[in-house]
Amino acid sequence: MVVDLTGVVRYANEAAVTLFGASREDVVGKPIGFALESGQPIEIALPGRAGGRICDLRVVDFSWDGEPARLASMRDITAVEAAQRVAVERAELEERTRNVEASSRRESDFLAKVSHELRTPLNAIIGFSKLLHGGKVGALTHTQVEYIGVVLKGANHLLQLINDLSDLAKVEAGRVDVHVETVDVSAAIGEVRDVLRALAAEKALQISVDVDRRMPVVETDPRLFKQVLYNFLSNAIKFTPEGGSIDVRVANDMGEMFRVDVTDSGVGIRPEDMRRLFVEFTQLGGARTGTGLGLALSKRIVEALGGRVDVSSVVGKGSTFSAMYPFAVTRSASLTLAAQVATEAPRNNSGRRTMRPK
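Model, not experiment: these values are computed from the prediction. (Residues numbered from 1 in each chain as written. Predicted model: local features only at pLDDT ≥ 70, side-chain atom pairs only at ≥ 80, totals over all residues. Heavy atoms only, no water.)

Asker: Residue-level account of the packing of helix 5 (residues 185-201) against helix 6 (residues 222-238), with values.
Answerer: It is the contact of helix 5 with helix 6, at a shortest axis distance of 10 Å, that shows an interaxial angle of 35 degrees. As helix 5 runs across helix 6, the sense of the crossing is right-handed. Contacts between helix 5 and helix 6 involve Val185, Ala188, Ile189, Glu191, Val192, Val195, Leu196, Leu199 and Ala200 from the former and Phe225, Lys226, Leu229, Tyr230, Leu233, Ser234 and Ile237 from the latter. When grouped by side-chain class, the residues that make up the contact of helix 5 with helix 6 number 13 nonpolar, one polar and two charged. (Axes fitted to C-alpha atoms, helices over the stretch in contact; angles between N-to-C directions. Helix = DSSP H or I, 4+ residues; strand = E, 2+ residues; numbered from the N terminus. Left-handed = near helix turned anticlockwise from the far one by under 90°. Contact = heavy atoms within 4.5 Å. Nonpolar A, V, L, I, M, F, W, Y, C, P; charged D, E, K, R; others polar.)

Asker: I'd like to hear about the pattern of salt bridges, residue by residue, with values.
Answerer: Scanning the entire structure with this criterion turns up 14 salt bridges. For Arg24, the salt bridge goes to Glu14, with nearest N and O atoms at 3.2 Å. Taken together, the positions of Arg24 in helix 2 (residues 24-27) and Glu14 in helix 1 (residues 14-20) put the pair ten residues apart, joining distant regions of the chain. By relative accessible area, which is 33% here, Arg24 ends up partly exposed. The shortest N-O distance in the salt bridge between Glu272 and Arg270 comes to 3.3 Å. One network of salt bridges, with partners in common, ties together Asp56, Arg58 and Arg75. (Salt bridge = Lys/Arg side-chain N within 4 Å of Asp/Glu carboxyl O. Buried < 20%, exposed > 50% of the residue type's maximum accessible area, 1.4 Å probe, protein only.)

Asker: I'd like a description of the packing of aromatic side chains, backed by residues and values.
Answerer: Applying the stated rule across the entire model yields seven aromatic pairs. Members of the aromatic cluster, joined through ring pairs, are Phe225, Phe258, Tyr325 and Phe327. (Phe/Tyr/Trp six-rings, centres within 6.5 Å; stacked < 30°, edge-to-face > 60°.)

Asker: Tell me about the nonpolar core, and please be specific about residues and values.
Answerer: Core analysis: the largest hydrophobic core is formed by 43 residues, its most contacted members being Leu233, Phe258 and Tyr325. Elements represented by at least two residues in this core include exactly helix 5, helix 6, strand 10 (245-254), strand 11 (257-264), helix 7 (293-304), strand 12 (308-314) and strand 13 (318-326). When residues of this core are assigned to their parent elements, the largest contribution, eight residues, is made by helix 6. Aside from chain neighbours lying at most four places away, what touches Phe258 is Val185, Met215, Val218, Phe225, Val250, Ala251, Ala323, Met324, Tyr325, Pro326 and Phe327. (Core = buried A, V, L, I, M, F, W, Y, C linked by side-chain atoms within 4.5 Å.)

Asker: Describe the packing of helix 6 against helix 7, and please don't skip the residues or the numbers.
Answerer: The contact between helix 6 and helix 7 brings their axes to 9 Å, and the two run at 145 degrees. Handedness of the helix 6/helix 7 crossing: left-handed. Judged by residue contacts, Leu224, Gln227, Val228, Asn231, Phe232 and Asn235 of helix 6 engage Gly294, Leu295, Leu297, Ser298, Ile301 and Val302 from helix 7. Across the contact of helix 6 with helix 7, the residue classes break down as seven nonpolar, five polar and no charged.

The structure is reproduced here in structure tokens:
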């Protein structure tokens, strides 16, 4: 473009007109709209219709029709600038991601080490409490037995929390391998029910099991499968009033996946608490509270095995926790999950909320 000393455009080639996004009549004979100074090239943002375009501007003094003028050469570098911004933002994002991952690894390492150190004194507390409670070191009064029982129950609960914390740290650090074996689902459920039978008996709870006759043996990790079921069942026992019922049902009606439902007649979960149900260290309002470690860990495990979890609940009537698994887990699978916040999908027609993996 040729611009006189008053800033009016005297000539513009086709490329310049196109760059300004206007007609030749709108450009030639009109003020250019920005200052022109000869010297080193600079970057400018074009005004008017061309707003948002970034140009490399070079200006030289010369004569036009015998009068002093300036020759302005512009090169559109908008795409280059955008690409550079994207590259910088990507680099910053990658750096932040590396920092977050490093921080997560440090936290996981710390949790794993602390959990290990806590078990040593706690095992001593549990061991000697059992000896005292069982009368192995002499007769105790009824009150002493009662108090020692409270200590033992609290210590066992603390040990379970520490174990969950340790497992969660291992999952987040990607240090828990999935060992796939052929598993009889009915037998695995029976083992978990037997472990929790005494706990259920304390509250006179009835636990029933119904396994679809069409269920084949499956290829999965038996320890992780039973751990999820243990967490679901112990959670149901905790929040079901005395004399209530808990039903475990296995359905083979999902094509390549099967579903394990644990339904209780407990206190239920408020709708506003559903979103935070599988979030670590979150205490829910109402009657159902706790660290959430067991449920958070269960969700991670199920997703790592290629499945998903689901929950539905009615306050005052009970809840159903479900885990959907593939019939066959890849034998080379391993838990390499990063920390995540539970993600909630929209309600389906039945009103159930489905927790889906990211």
